[in-house]
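Summary of structural features
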Amino acid sequence: PDSETNNAVIYCLAVASERYRIDVIDFVQMSNHLHDGIFDREGNAPAFYEHFHKLLAKCMNALRGRWENFFSSEQVCVVRLETREDVINKLVYIATNPVKDDLVERVDEWPGASGYRALMSGEPLRATRPKHFFAENGTMPAEVTLELTIPPELGDRESLLEEVRARVAAVE
């Protein structure tokens, strides 16, 4: 992970989620894959993932001077979370992935793009249009904001976050 990659991940995620009206709950960009939790009220997840992955792949290939496939050609793994408990378990899994992979001891130490701090604090993530891919005078926004959210359909935000926080601490 580096600052340009982190910015590109957040930028592309924010652009795609806004376009397809997807609530991003949390995410973590690992060195070679992404974990995310989204809430899709309108059935737009396939189009969202296609757009997000296409933008990010082109952006990262331009940054690294590459032209080959950026993502695996395998189908994206999407797991439907049926219950509040399923959502809590997935949020803990997303947040603690770098810890479980023995890359860091604590979630906050992961240098890659991650939404955990923003989700817990309620502070939005901001990113600027990556200069290495998007045209300076193009139609893409110069800056984007990604607000991670607990959809009201999942119940009380604070109690859900408190449970996630406690389980993350237990993993650490």
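See the structure printed just above.
The paragraphs below set out a description of the structure included in this document. (Residues numbered from 1 in each chain as written. Predicted model: local features only at pLDDT ≥ 70, side-chain atom pairs only at ≥ 80, totals over all residues. Heavy atoms only, no water.)

1. Some details on the overall build of the protein
- Of the regular secondary structure elements, the protein holds five helices and four strands.
- Overall, the protein shows an N-to-C arrangement of helices and strands of α-β-β-α-α-α-β-β-α.
- At 16 Å, the protein has a C-alpha radius of gyration in line with the 16 Å of a compact globule built from 172 residues.
- Taking the principal axes of the C-alpha coordinates as reference, the protein spans close to 45 × 35 × 30 Å. (Helix = DSSP H or I, 4+ residues; strand = E, 2+ residues; numbered from the N terminus. Rg over C-alpha atoms; globule rule 2.2 N^0.38 Å.)

2. Quick notes on unusual backbone geometry
- Backbone geometry at Arg21 places phi at a positive 55°, although glycine is not the residue there.
- Relative to the helices and strands, Arg21 resides in the loop between α1 (3-19) and β1 (23-29).
- Not every positive phi belongs to a glycine, and Asp102 is a case in point at roughly 60°.

3. Digging into the packing of aromatic side chains
- The final tally for this structure, using the stated rule, is four aromatic pairs.
- For the pair Phe133 and Phe134, a centre-to-centre distance of 4.8 Å together with 75° between the ring planes defines the contact as edge-to-face.
- Three or more aromatic residues link up through ring pairs in this structure, and these residues are Tyr11, Phe133 and Phe134. (Phe/Tyr/Trp six-rings, centres within 6.5 Å; stacked < 30°, edge-to-face > 60°.)

4. Some details on the packing of helix α3 (residues 84-100) against helix α5 (residues 157-171)
- In the contact formed by α3 and α5, the axes pass within 9 Å of each other and the chain directions differ by 35°. Handedness of the crossing formed by α3 with α5: right-handed. Contacts from Arg84, Glu85, Ile88, Asn89, Leu91, Val92, Ala95, Thr96, Val99 and Lys100 of α3 reach α5 at Ser159, Leu160, Glu163, Val164, Arg167, Val168 and Val171.
- Residue composition of the contact of α3 with α5, by class: nine nonpolar, three polar and five charged. (Axes fitted to C-alpha atoms, helices over the stretch in contact; angles between N-to-C directions. Left-handed = near helix turned anticlockwise from the far one by under 90°. Contact = heavy atoms within 4.5 Å. Nonpolar A, V, L, I, M, F, W, Y, C, P; charged D, E, K, R; others polar.)

5. Describing the nonpolar core
- In this structure, Phe27, Leu146 and Val164 are the most contacted members of the largest nonpolar core, which totals 52 residues.
- Broken down by secondary-structure element, the contributors of at least two residues to this core are α1, β1, α2 (45-64), α3, α4 (116-121), β3 (125-128), β4 (143-146) and α5.
- Aside from chain neighbours lying at most four places away, what touches Val164 is Ile88, Leu91, Val92, Tyr116 and Met120. (Core = buried A, V, L, I, M, F, W, Y, C linked by side-chain atoms within 4.5 Å. Buried < 20%, exposed > 50% of the residue type's maximum accessible area, 1.4 Å probe, protein only.)

6. Details of the pattern of salt bridges
- Applying the stated rule across the entire model yields 11 salt bridges.
- Measuring nitrogen to oxygen at the nearest pair gives 2.9 Å for the salt bridge that ties Glu85 to Arg167. On the criterion of sequence distance, the pair formed by Glu85 in helix α3 and Arg167 in helix α5 is long-range, its members being 82 residues apart.
- One network of salt bridges, with partners in common, ties together Asp23, Arg41 and Glu153. (Salt bridge = Lys/Arg side-chain N within 4 Å of Asp/Glu carboxyl O.)

7. Comments concerning α5
- For α5, spanning 15 residues, the distance from its first C-alpha to its last is 21 Å, which sits close to the expected 21 Å at 1.5 Å a residue.
- Burial in α5 covers these residues: Leu160, Leu161, Val164 and Val168. One face of α5 carries all of its buried residues, which in axial projection span an arc of 95°.
- Buried residues in α5 make contact with α3 and α4. (Expected span 1.5 Å × (residues − 1). Arc of directions from axis to C-beta.)

8. Quick notes on α1
- Here α1 spans 24 Å end to end across 17 residues, near enough to the 24 Å set by a 1.5 Å rise per residue.
- Burial analysis of α1 places 13 of its 17 residues in the buried class, which makes it a mostly covered element.
- Structurally, the start of α1 carries an N-cap: the backbone nitrogen of Glu4 is 3.2 Å from a side-chain oxygen of Asp2.
- Downstream of α1 by one or two residues, Arg21 has phi in the positive range, about 55°. (Polar contact = N/O pair within 3.5 Å; in protein donor to acceptor, adjacent residues only side chain to side chain.)

Note that every value here comes from positions in space, so none of it alone points to a role or purpose.
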